[in-house]
Amino acid sequence: MSTFVLKLIACVTMFIDHYTELFIPRTLRMVHFLGLRERFPVSYLTGRIIGRIAFPIYCFLLVEGFFRTQNRRKYMARMAVFALISELPFDLAFQVKGGQIQVEALIRHQNVMITLLLGLILMYVYEWIKMKYFTQPYIFNTLGVIAIVGIGGAAALLKTDYGMGGILLIMVFYFFRGQKPLLFIGAAVVMAVFINRIELFGLVAFLPIFLYNGKRGPKVKYAFYAFYPVHLLLLWWAAYIL
């Protein structure tokens, strides 16, 4: 399975997730699910469960891109640009209620591309630490933990989508790259403990991930970057019109 197909799966499942959040009412037949404190409609839960598939694929592709890119700094710069571009569409889609922007909500939640950007920065910093101090295990391990806790804490402080749990999941893909059993177990632990038990449905993403063949597929890199802010703008516009 090529990078193109994985990105396509991630985009489709993410779109379903966001469409569900914006358009599926929460007042139909209710079910109590996985110990969640609230009760949601079956249709709403179905869409959100499908949406859990997207983030693990994006984490996998982020790590693969980090190791395969010819210029990691340009990769981070590109991600930073799209993370900034995406913030306004994200806020319009999810933080505007009844035509009014919820200022408190703007502070409370930031878009997932910022999480991915912080994950990239962490991998870059960790690689630098490894290059400098790999022969000094105590210093290497200490600085590595500080980097992970520090950038994970930044994600939590900024209240990015998935927060520290998202950063930890990215690092699971980084540390266990090419080690399928450990990767699967590590991801399951992070999803259940540091994010939310419903994220365990994201483990379905490992079916296409483990079928990855290392091929790129059609070269439409920027189209997939642009998909995130563009689809949020379209969903916001549709919600506004309706």
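Conventions and cut-offs
- Residues numbered from 1 in each chain as written.
- Predicted model: local features only at pLDDT ≥ 70, side-chain atom pairs only at ≥ 80, totals over all residues.
- Heavy atoms only, no water.
- Phe/Tyr/Trp six-rings, centres within 6.5 Å; stacked < 30°, edge-to-face > 60°.
- Helix = DSSP H or I, 4+ residues; strand = E, 2+ residues; numbered from the N terminus.
- Buried < 20%, exposed > 50% of the residue type's maximum accessible area, 1.4 Å probe, protein only.
- Core = buried A, V, L, I, M, F, W, Y, C linked by side-chain atoms within 4.5 Å.
- Contact = heavy atoms within 4.5 Å.
- Patch = residues over 30% accessible without salt bridge, like charges linked within 9 Å, V, L, I, M, F, W, Y side chains within 5 Å.
- Areas by Shrake-Rupley, 256 points an atom, 1.4 Å probe, with all protein chains shown as cover.
- Salt bridge = Lys/Arg side-chain N within 4 Å of Asp/Glu carboxyl O.
- 1 Å grid on protein atoms, 1.4 Å probe; cavity = no way out; pocket = protein on both sides within 12 Å on 5 of 7 lines; lining within 4 Å.
- Points joined across faces, edges and corners; volume = space filled by probe spheres on them.
- Nonpolar A, V, L, I, M, F, W, Y, C, P; charged D, E, K, R; others polar.
- Axes fitted to C-alpha atoms, helices over the stretch in contact; angles between N-to-C directions.
- Left-handed = near helix turned anticlockwise from the far one by under 90°.

Caption draft 1: Main features of the packing of aromatic side chains. Inspection of every chain in the model, using the stated rule, returns 21 aromatic pairs. Aromatic pair Tyr 126 and Tyr 174: ring centres 5.6 Å apart, planes at 80 degrees, arrangement edge-to-face. Remark: Tyr 174 occurs in helix α8 (residues 163-175) and Tyr 126 occurs in helix α6 (residues 112-133); sequence separation between them is 48 residues. The exposure class assigned to Tyr 126 is buried, which follows from its relative accessible area of 9%. For Tyr 174, a relative accessible area of 6% gives the class buried. Centre to centre, the rings of Phe 173 and Phe 206 are 5.7 Å apart; their planes meet at 5 degrees, and the pair counts as stacked. Residue Phe 173 is found in helix α8, and its partner Phe 206 is found in helix α10 (residues 206-209); the two are separated by 33 residues along the sequence. Across the pair, Phe 206 and Phe 173 agree in class, each one buried. Chaining the aromatic ring pairs together yields one cluster made of Phe 66, Phe 67, Tyr 126, Phe 134, Phe 140, Tyr 174 and Phe 175.

Caption draft 2: Main features of the nonpolar core. By size, the foremost hydrophobic cluster in this structure holds 62 residues, and its most contacted members are Met 123 and Phe 173. It is α6 that provides the largest number of residues to this core, a total of eleven residues. Beyond its immediate stretch of four places on either side in the chain, Phe 173 contacts Pro 56, Cys 59, Phe 60, Val 63, Leu 183, Phe 206 and Ile 209.

Caption draft 3: Geometry of a nonpolar patch on the surface. On the surface, Phe 184, Ile 185, Val 189, Val 193 and Phe 194 cluster together into a nonpolar patch covering about 470 Å² of accessible area. Residue position: Val 189 is located in helix α9 (residues 180-195). A relative accessible area of 44% places Val 189 in the partly exposed class.

Caption draft 4: The layout of surface pockets, seen in detail. In this structure, the second largest pocket spans a volume of roughly 900 Å³. Lys 7, Gly 65, Tyr 75, Lys 221 and Tyr 225 are the residues nearest the centre of the second largest pocket, which is lined by 30 residues in total. Residue assignment for the lining of the second largest pocket shows that the elements contributing at least two residues are α1 (3-23), α3 (54-68), α4 (72-95), α6 and α11 (221-241). If one sorts the elements of the lining of the second largest pocket by residue count, α3 sits on top with six residues. Its residues assigned to classes, the lining of the second largest pocket shows 15 nonpolar, six polar and nine charged.

Caption draft 5: View of the packing of α1 against α3. Contact pair α1 / α3: the axes reach a minimum separation of 8 Å and the direction vectors enclose 145 degrees. Considering only the axes of α1 and α3, their crossing is left-handed. Residues Thr 3, Leu 6, Lys 7, Ile 9, Ala 10, Cys 11, Thr 13 and Met 14 of α1 touch α3, and the partners they reach there are Ala 54, Ile 57, Tyr 58, Phe 60 and Leu 61. Looking at the contact of α1 with α3, its residues break down into ten nonpolar, two polar and one charged.

Caption draft 6: A look at unusual backbone geometry. Positive phi values are uncommon outside glycine, yet Lys 159 reaches one of about 60 degrees. Structurally, Lys 159 is set in the loop between α7 (137-158) and α8. A positive phi angle is found at Tyr 162, which is not glycine, with a value near 75 degrees. Inspection of the secondary structure puts Tyr 162 in the loop between α7 and α8. Note on Tyr 162: relative accessible area 18%, which makes it buried.

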